Amino acid sequence: DALQQRQTAEYNARIQENEAIQSRQIAAYNAKIHENEAVAAEQRAKYEADKAGKDARRLRGEQTALYGYSGVQLTGTPLIVEADSEFMDEANQSNLIALGATDAWRFRSQSQLETYQAGIEANRYMSAAAETKRQGTIAGQALTAQAGVDRYQAAATIQTGKINAATTIMTGVGKAIQANQ
């Protein structure tokens, strides 16, 4: 019975240890997913910034061509408009890159948070497993100790029975001797 208690405790502890391992594996998997999402967000932002830059350069080229076609010199207001367009393009590209970096940071932060929480959960499972083993050991030791007490009591009962039997026999022999005298 003590062995069964220990084996049951070991089995339950192993299940809890497996849950801890599984929790860490899930966190690692989710961390990889979040890292992939972060990289994708950065790549998407770079792509969008490059596309916006190409579109802006094309628009400035069209503006320059239209100014040239209409005979407007690229001085004064047209030059200011073109410079402003270039500034807005650079600001737009920087904004797109910043948005991508923010998304990437959010994904990486989520990954770190999930990994941290999984570590806490895994530690909780490992603590529960250690406690289960400890309780199983205590229960096994208690059963072993009780078995020792039971063996001692059985031996004492047998010894008492022998003494009582010997006393009864001696009393009977004594009475028989007295009756014959």
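If you're wondering where the values come from, they're calculated on a predicted model, not measured in any experiment.

Draft legend 1. Representation of the overall build of the chain in the model. Across its full length, the chain holds two helices and zero strands. Judged by the C-alpha coordinates and their principal axes, the chain covers about 160 × 20 × 10 Å. Counting all 181 residues of the chain, 19% fall into the buried class. In the chain, 89% of the contacts between residues at least 6 apart in sequence involve partners at least 24 apart.

Draft legend 2. Local environment of the pattern of salt bridges. Taken as a whole and judged by the stated rule, the model has 11 salt bridges. Between Lys51 and Asp55 there is a salt bridge, and its shortest N-O distance comes to 3.9 Å. Taken as a pair, Lys51 and Asp55 lie in helix 1 (residues 2–70) at a separation of four residues, close to a single helical turn. Residue classification places Lys51 among the partly exposed positions, given a relative accessible area of 39%. Among the residues examined, Asp55 registers a relative accessible area of 32% and is labelled partly exposed. What you see here is one network of salt bridges that share partners, running through Lys51, Asp55, Arg58 and Glu62.

Draft legend 3. Just a nonpolar patch on the surface, in detail. There is a patch of nonpolar side chains on the surface, built from Ile169, Met170, Val173 and Ile177 and spanning about 410 Å² of accessible area. The topology assignment puts Ile177 in helix 2 (residues 77–180).

Draft legend 4. Structural view of the packing of aromatic side chains. Scanning the model with the defined rule gives zero aromatic pairs in all. Above the face of the Phe107 ring, Arg106 is positioned so that its terminal group lies 4.7 Å from the ring centre. Geometry around Tyr125 places Arg124 over its ring, the cationic atom sitting 4.9 Å from the centre.

Draft legend 5. Here's a closer look at the environment of Gly61. Here Gly61 is to be found in helix 1. Along the chain, Gly61 and Glu82 lie 21 residues apart, while their C-alpha atoms are 9.5 Å from each other.

Draft legend 6. Fine view of the side chain of His34. In this structure, His34 sits in helix 1. Owing to a relative accessible area of 12%, His34 belongs among the buried residues under this scheme. Each residue touching His34, except ones within four places of it in the same chain, is listed here: Phe107, Gln110, Ser111 and Glu114.

Draft legend 7. Fine view of helix 1. End to end, helix 1 covers 100 Å across 69 residues, agreeing with the expected 102 Å (1.5 Å per residue, within 8%). Within two residues after helix 1, Gly71 carries a phi angle of roughly 85°, on the positive side.

Draft legend 8. A look at the packing of helix 1 against helix 2. It is the contact of helix 1 with helix 2, at a shortest axis distance of 7 Å, that shows an interaxial angle of 180°. Overall, the two elements helix 1 and helix 2 adopt an arrangement that is roughly antiparallel. Residues of the contact of helix 1 with helix 2, tallied by class, amount to 28 nonpolar, 23 polar and 19 charged.

Draft legend 9. Spatial organisation of the side chain of Ser111. In this structure, Ser111 sits in helix 2. Residue class for Ser111 comes out buried when judged on its relative accessible area of 12%. Those residues in contact with Ser111 that lie beyond four places of it in its chain are Ala31 and His34.

Each value, and the rule that gives it
- Residues numbered from 1 in each chain as written.
- Predicted model: local features only at pLDDT ≥ 70, side-chain atom pairs only at ≥ 80, totals over all residues.
- Heavy atoms only, no water.
- Helix = DSSP H or I, 4+ residues; strand = E, 2+ residues; numbered from the N terminus.
- Buried < 20%, exposed > 50% of the residue type's maximum accessible area, 1.4 Å probe, protein only.
- Contact = heavy atoms within 4.5 Å.
- Salt bridge = Lys/Arg side-chain N within 4 Å of Asp/Glu carboxyl O.
- Patch = residues over 30% accessible without salt bridge, like charges linked within 9 Å, V, L, I, M, F, W, Y side chains within 5 Å.
- Areas by Shrake-Rupley, 256 points an atom, 1.4 Å probe, with all protein chains shown as cover.
- Phe/Tyr/Trp six-rings, centres within 6.5 Å; stacked < 30°, edge-to-face > 60°.
- Lys NZ or Arg CZ within 6 Å of the ring centre and 35° of its normal.
- Expected span 1.5 Å × (residues − 1).
- Axes fitted to C-alpha atoms, helices over the stretch in contact; angles between N-to-C directions.
- Parallel < 35°, antiparallel > 145°, perpendicular 65-115°, else oblique.
- Nonpolar A, V, L, I, M, F, W, Y, C, P; charged D, E, K, R; others polar.

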